[in-house]
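Topology and contacts: notes
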Amino acid sequence: MNLFKAIGLKLLSALLFAALSAFVRQLGDTVPVGQLVFFRSIFAIPPVLLIYAYRGELASAVYTSRPFGQLGRGALSVAGMFSNFSALTRLPLADATAISFASPLITVALAAVVLKEKVRIYRWSAVLVGFGGVIVMLIPHFDAKHYAGAGAAAAATVGSMLALFSAFCNAGTVIQTRRLTQSETTSSIVFYFSSVTALAGAVTLPFAWHAPTGPELAMLISMGVCGGVAHIFLTESYRHATASVIAPFDYTSMLWALLLGYWGFSELPSA
């Protein structure tokens, strides 16, 4: 176990995932969710292939001894990504991120039950304190008057439910990732995750497609690159520490989300 390396990788992934969420929030009013999922996934693959080709480990990026484990993780990721992106199109960036932070609490619980990890009281305390802070921050948003108009209130309610569902899915993917790291390479986990989610996004393209402008296309590609690199960092972090140790650091994404929100990504969708 290398605790400092694990935490450092996790913090870097949190920053990149916050940037990814900001791009989704910016594009969500015009680009269909399936198209967002497709671009986020398909452009996550090149960084993986380039990094491991440079390291002479390209074969490990496509080899897997646990195809059903990879498929199961991919299915959870598809559900989590679609629900997370849908929540981001209905809520301000900080709010959607805050609700999704039920995930660390669920992850720690699953780590204790499924992975049989020893979760000591100080880890439970860190997660509960962080989650309590999220609830305090969200109290004003539980009032429908916070949103202008019935349409915005309904969108916020649906968005909140989707964000919570995404939190459960993300907790499940963390547990499955931790299990896969026992036998699979980081590159193969990221490659098959991106392939499964890209395929799921591609299925929706004939039904909903927005022709992106130049700036929109740049953001769509940036989403994928940020997601791919972030996923490499995230998966690698779980090689160096247990899931219950790493999960509480999900809350650092909230700080980045708040900053990005103040920089112009926190506006509500129009009713």
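Preceding block: the structure.
Residues numbered from 1 in each chain as written. Predicted model: local features only at pLDDT ≥ 70, side-chain atom pairs only at ≥ 80, totals over all residues. Heavy atoms only, no water.

What follows covers the overall build of the protein chain. Within the protein chain, the secondary structure is distributed over 13 helices and zero strands. Listed N to C, the secondary structure of the protein chain is α-α-α-α-α-α-α-α-α-α-α-α-α in terms of helices and strands. For the protein chain, the residues scored as buried account for 52% of the 271 residues in total. Of all intrachain contacts in the protein chain linking residues separated by at least 6 positions in sequence, the fraction that spans at least 24 positions is 91%. Summed over all atoms, the accessible surface of the protein chain reaches about 12,100 Å², with 72% contributed by carbon and sulfur. (Helix = DSSP H or I, 4+ residues; strand = E, 2+ residues; numbered from the N terminus. Buried < 20%, exposed > 50% of the residue type's maximum accessible area, 1.4 Å probe, protein only. Contact = heavy atoms within 4.5 Å. Areas by Shrake-Rupley, 256 points an atom, 1.4 Å probe, with all protein chains shown as cover.)

Glancing now at the side chain of Thr89. With respect to the helices and strands, the residue Thr89 is situated in the loop between helix H5 (67–88) and helix H6 (93–99). With a relative accessible area of 12%, Thr89 lands in the buried category. At 2.7 Å, the side chain of Thr89 forms a polar contact with the backbone oxygen of Ser86. (Polar contact = N/O pair within 3.5 Å; in protein donor to acceptor, adjacent residues only side chain to side chain.)

If you walk through the whole model with that rule in mind, you get one salt bridge. Between Asp29 and Arg25 there is a salt bridge whose closest N-O contact spans 3.9 Å. Under the relative-accessibility criterion, Asp29 is labelled partly exposed at 47%. A relative accessible area of 0% means that Arg25 is categorised as buried. (Salt bridge = Lys/Arg side-chain N within 4 Å of Asp/Glu carboxyl O.)

At a minimum axis distance of 9 Å, the contact between helix H3 (residues 45–54) and helix H10 (residues 186–204) shows a crossing angle of 155°. Considering the angle they form, H3 stands roughly antiparallel to H10. Crossing of H3 against H10: the hand is left-handed. Contacts from Ile45, Val48, Leu49 and Tyr52 of H3 reach H10 at Thr186, Ser187, Val190, Phe191, Ser194 and Ser195. Looking at the contact of H3 with H10, its residues break down into six nonpolar, four polar and no charged. (Axes fitted to C-alpha atoms, helices over the stretch in contact; angles between N-to-C directions. Parallel < 35°, antiparallel > 145°, perpendicular 65-115°, else oblique. Left-handed = near helix turned anticlockwise from the far one by under 90°. Nonpolar A, V, L, I, M, F, W, Y, C, P; charged D, E, K, R; others polar.)

According to the stated counting rule, one finds four aromatic pairs in the structure shown. Measuring from ring centre to ring centre gives 5.7 Å for Phe38 and Phe39, while their planes differ by 85°; the resulting arrangement is edge-to-face. (Phe/Tyr/Trp six-rings, centres within 6.5 Å; stacked < 30°, edge-to-face > 60°.)

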